[in-house]
Amino acid sequence: MAASSTSRSLLLLAAAAAAIILALSSSLPCAAAKSGRRSPSSAHLTAGFTRVKLAESQFVVQKPYDVPLRERYEQSGGVRRMWVFASDKPISSSHPGGARTEIKVNKIYSSGVWQFEGDMFVPSGTSGASVMQIFGAATHATTLMLHVYGGRLTYYHQLTKVLAEHVYDRWVRLNVVHDVARGNVTAFVDGERKLSAAGHGGKEHYFKFGVYKQSRHQPSRRRLVRYLYV
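Residues numbered from 1 in each chain as written. Predicted model: local features only at pLDDT ≥ 70, side-chain atom pairs only at ≥ 80, totals over all residues. Heavy atoms only, no water.

Asker: How should the environment of lysine 161 be read in this particular structure?
Answerer: Structurally, lysine 161 is set in strand β11 (residues 158–164). For the pair lysine 161 and leucine 195, spaced 34 residues apart in the sequence, the C-alpha separation amounts to 8.2 Å. In contact with lysine 161, not counting residues within four places along its chain, are Leu153, Thr154 and Tyr155. (Helix = DSSP H or I, 4+ residues; strand = E, 2+ residues; numbered from the N terminus. Contact = heavy atoms within 4.5 Å.)

Listed below in structure tokens is the structure:
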């Protein structure tokens, strides 16, 4: 992990992704994340879904283009850790986006109902970070973004749309369902429905998770999250 003694401001995501599942159902086409430890409160959410097996090569790490992977990403003990500094470069010299270390789940879909499931840990003090996305839309770059501000998990940067009030220092189970045909997204936190929102169109989509700097609402100098991996 990145040294905490550095003078540069740090955005850090520690991800435990033993809970990433992509599942596809013939009657309800979808993707869910594969989990070695599914909590009882959310087990019913993936019922009827068929797991889509993912190779490690399909977990594509996007990090600042001018630093080695080992300086922004670590995978050990069932945990993926990702971090960035506020002064970091984007993922390429021509990319307009901000600092991030994220994993793109390289499984593109354009129809059906897809589900993401993941276990996330956000240390106290982390604020101003996108921790999960559904990429691809017609009117936006994304269909969904979940941010963390002051211990609250929010829909984009909207502090009036809070999915969970206290996400610091505990494992949180995320289930996000994207119904492409109906154009809607539903998000569950620890098995409870917390968000229903309209999609933003688009022809191709994929899931992302990690740390992506967000600058609204007095962001913290250091930002960290964890996801379990399989």
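Asker: So what exactly am I meant to see when it comes to the sheet that holds strand β15 (residues 206–213) here?
Answerer: Paired through backbone hydrogen bonds, the strands of a sheet run either parallel or antiparallel to each other. If you trace the seven strands from one edge of the open sheet to the other, you get β3-β6-β15-β8-β9-β10-β11, paired in antiparallel fashion. The sheet is open, and its two edges are formed by β3 (59–62) and β11, each paired on a single side. Strand-to-strand twist in this sheet, taken as the mean axis angle between neighbours without regard to direction, amounts to 25 degrees. Across four bridges, β3 lies against strand β6 (residues 100–105) in antiparallel orientation. Counted as the bridge partner of glutamine 62 is glutamate 102 from β6. (Pairing = 2+ DSSP bridges. Axes fitted to C-alpha atoms, helices over the stretch in contact; angles between N-to-C directions.)

Asker: What is the right way to look at the packing of aromatic side chains in this model?
Answerer: Going through the model one piece at a time under the given rule, you end up with seven aromatic pairs. An angle of 90 degrees between the planes, with centres 4.9 Å apart, marks the rings of tyrosine 155 and tyrosine 156 as edge-to-face. For the pair tyrosine 155 and tyrosine 156, a shared accessibility class is recorded, and that class is buried. What links up through ring pairs into an aromatic cluster is the set Tyr109, Trp114, Phe116, Phe207 and Phe209. When the ring centre of phenylalanine 59 is taken as origin, the NZ or CZ atom of arginine 80, which lies over that ring, is 4.6 Å away. Sitting above the plane of the tyrosine 212 ring, arginine 100 keeps its charged end 3.9 Å from the centroid. (Phe/Tyr/Trp six-rings, centres within 6.5 Å; stacked < 30°, edge-to-face > 60°. Buried < 20%, exposed > 50% of the residue type's maximum accessible area, 1.4 Å probe, protein only. Lys NZ or Arg CZ within 6 Å of the ring centre and 35° of its normal.)

Asker: What is the right way to read the pattern of salt bridges from this model?
Answerer: Side chains carrying opposite charge are able to pair once their charged atoms draw close together. Across all of its chains, the model carries 11 salt bridges by this definition. Put simply, arginine 80 and glutamate 56 hold a salt bridge, and the shortest N to O gap is 2.9 Å. Separated by 24 residues along the polypeptide, arginine 80 in strand β5 (residues 79–85) and glutamate 56 in the loop between β2 (51–52) and β3 bring together distant segments of the chain. Here arginine 80 falls in the buried class, since its relative accessible area comes to 1%. (Salt bridge = Lys/Arg side-chain N within 4 Å of Asp/Glu carboxyl O.)

Asker: I tried to follow the environment of glycine 201 on my own but got confused; where do I start?
Answerer: Mapped onto the fold, glycine 201 is located in the loop between β14 (192–198) and β15. The spacing of glycine 201 and glycine 183 is 18 residues in sequence and 6.7 Å in space, taken between C-alpha atoms.

Asker: Teacher, can you tell me more about the nonpolar core here?
Answerer: Taken as a class, soluble globular proteins show a tendency for nonpolar side chains to be buried jointly. Counting residues in hydrophobic clusters, the biggest one holds 37 residues, and the most contacted among them are Met132, Leu144, Leu146, Leu153 and Val176. Here this core gets four residues from one element, more than from any other, and that element is strand β9 (residues 142–149). (Core = buried A, V, L, I, M, F, W, Y, C linked by side-chain atoms within 4.5 Å.)

Asker: Is there a simple way to think about unusual backbone geometry in this case?
Answerer: Residues apart from glycine generally show negative phi values, whereas peptide bonds are mostly found in trans. In this structure, tyrosine 156 is a non-glycine residue whose phi angle is positive, near 50 degrees. For tyrosine 156, the position within the fold is in the loop between β10 (152–155) and β11. Overall, tyrosine 156 belongs to the buried group, its relative accessible area being 11%. In this structure, aspartate 169 takes a positive phi of about 55 degrees despite not being glycine. Note that aspartate 169 resides in the loop between β11 and β12 (171–179).

Asker: Hey, could you run me through the side chain of glutamine 133 in this one?
Answerer: As for its placement among the helices and strands, glutamine 133 is situated in strand β8 (residues 129–135). Those residues within four positions of glutamine 133 in sequence are excluded, and the remaining contacts are Glu102, Thr142, Leu144, Met145, Tyr206, Phe207, Lys208 and Tyr212.

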